[in-house]
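# Summary of the model geometry
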Amino acid sequence: MQRDVFFITLPGALALDLTGPAETLRLSGHFQLHYISPLNEVELTTGLVVSRLLPLPSELPDGSIIMVPGVSDSATQFDTHPARLCRDWLAAQKPAIEQGRLQLVCICSGSLLAGMAGLLDGYQCTSHHDVISRLRERVPAALVKDNRIFVEDRSVLTSAGITAGIDLALYLVAQYLGPQAALDVAREMVVYFRRAGEDPQLSPWLQHRNHLHPAVHRAQNIISSDPESDWQVEDVAAKAHISSRHLTRLFRQYLGISVRDYHEQLRIAVARQRIQQGLGQEKAALAAGFSSGRQLRRALLRWQPE
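A few points on the structure. Nothing here was measured: the structure is a model prediction, and the numbers come from that model.

## A word on the packing of aromatic side chains
Using the criterion set out here, one finds four aromatic pairs in the structure. With a centroid separation of 5.1 Å and 45° between ring planes, the pair formed by Phe150 and Tyr171 is classed as tilted. Of the two residues, Phe150 is situated in strand 9 (residues 150-153) and Tyr171 in helix 7 (residues 163-177); the sequence distance between them amounts to 21 residues. Assessed through its relative accessible area of 7%, Tyr171 is described here as buried. A ring pair is formed by Phe251 and Tyr262, whose centres lie 5.9 Å apart and whose planes are at 70°; its orientation type is edge-to-face. In this pair, Phe251 is assigned in helix 11 (residues 244-254) and Tyr262 in helix 12 (residues 259-276), connecting sequence segments 11 residues apart. When sorted by exposure, Phe251 lands in the same class as Tyr262, which is buried. The residue whose ring lies beneath Arg154 is Tyr123, and the NZ or CZ to ring-centre distance is 3.9 Å.

Set out below in structure tokens:
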């Protein structure tokens, strides 16, 4: 059974905010896409005109997803008459969203429109870095997070700019169809698959990727490309073109763990893969870069869920 997704489509909407998530969801084969607006047609940022838009529905089926793309100038375009009509319509969906019957997904500055409709009060959320301060100012009751690809809080998901909308759409595919389906779609689109770092079911290869710091991503790529090696913080930092002291601080700030801990989690993942392939624990430990099976067992105990 396909899940209905309703894209709010306003003049000045960022084309990729609309088409990126839409194409991602379409490729999964699980979502029925609808484009709704107070207007019959709108012009997107690229000059592309979208026509035959559906009117704002009086009610939505339970389980539907409301998508709110961003616009090129959220300071003015969310104060137009069509935007105010959409804001009032969104406000009317608040009870269903709070009850979990509808899911709200905001791309880029779309979170500002949702926030102005009262849908982000008391919710953790994010937006494009150029919109963060405006979101805090216009929606003081929202719990705005900086430097996040996307944020999930109950039935509300918000993302940073443009391509982060694709990350968020891939997360939705994983949520409803499983991680493998999302990886298949990502492979078809030739994009990198990232999911929220707080997801407890994440593979260590994908964990701790829900941030936007390029130096930390570089360091993570270096370690994950060869986790079996005996990486020292100084070596990783040098390859990432940053000081070891600064790298250590950034890992704590953005990942909440040390460089060494991140490396160890990847080694555990490698060891588990080798065990699944038929190696005994001792050989699997050595293949993953541990000095012995005993060291692997100690590492497993350290990361055992409480």
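## A closer look at the pattern of salt bridges
Applying the stated criterion across every chain, the model contains seven salt bridges. A salt bridge links Asp62 to Arg101; its shortest N-O distance comes to 3.1 Å. Remark: Arg101 occurs in the loop between helix 4 (94-98) and strand 6 (103-106) and Asp62 occurs in the loop between strand 4 (49-50) and strand 5 (65-68); sequence separation between them is 39 residues. A residue is classified by how much of its surface remains accessible, and Asp62, at 54% relative accessible area, is exposed. A salt bridge links Arg136 to Asp146; the nearest nitrogen and oxygen atoms lie 2.7 Å apart. You can see Arg136 sitting in helix 6 (residues 132-138) and its partner Asp146 sitting in the loop between strand 8 (143-144) and strand 9, a full 10 residues away along the chain.

What counts, and at which threshold
- Residues numbered from 1 in each chain as written.
- Predicted model: local features only at pLDDT ≥ 70, side-chain atom pairs only at ≥ 80, totals over all residues.
- Heavy atoms only, no water.
- Phe/Tyr/Trp six-rings, centres within 6.5 Å; stacked < 30°, edge-to-face > 60°.
- Helix = DSSP H or I, 4+ residues; strand = E, 2+ residues; numbered from the N terminus.
- Buried < 20%, exposed > 50% of the residue type's maximum accessible area, 1.4 Å probe, protein only.
- Lys NZ or Arg CZ within 6 Å of the ring centre and 35° of its normal.
- Salt bridge = Lys/Arg side-chain N within 4 Å of Asp/Glu carboxyl O.

Limitation: the analysis is restricted to geometry and does not speak to function.
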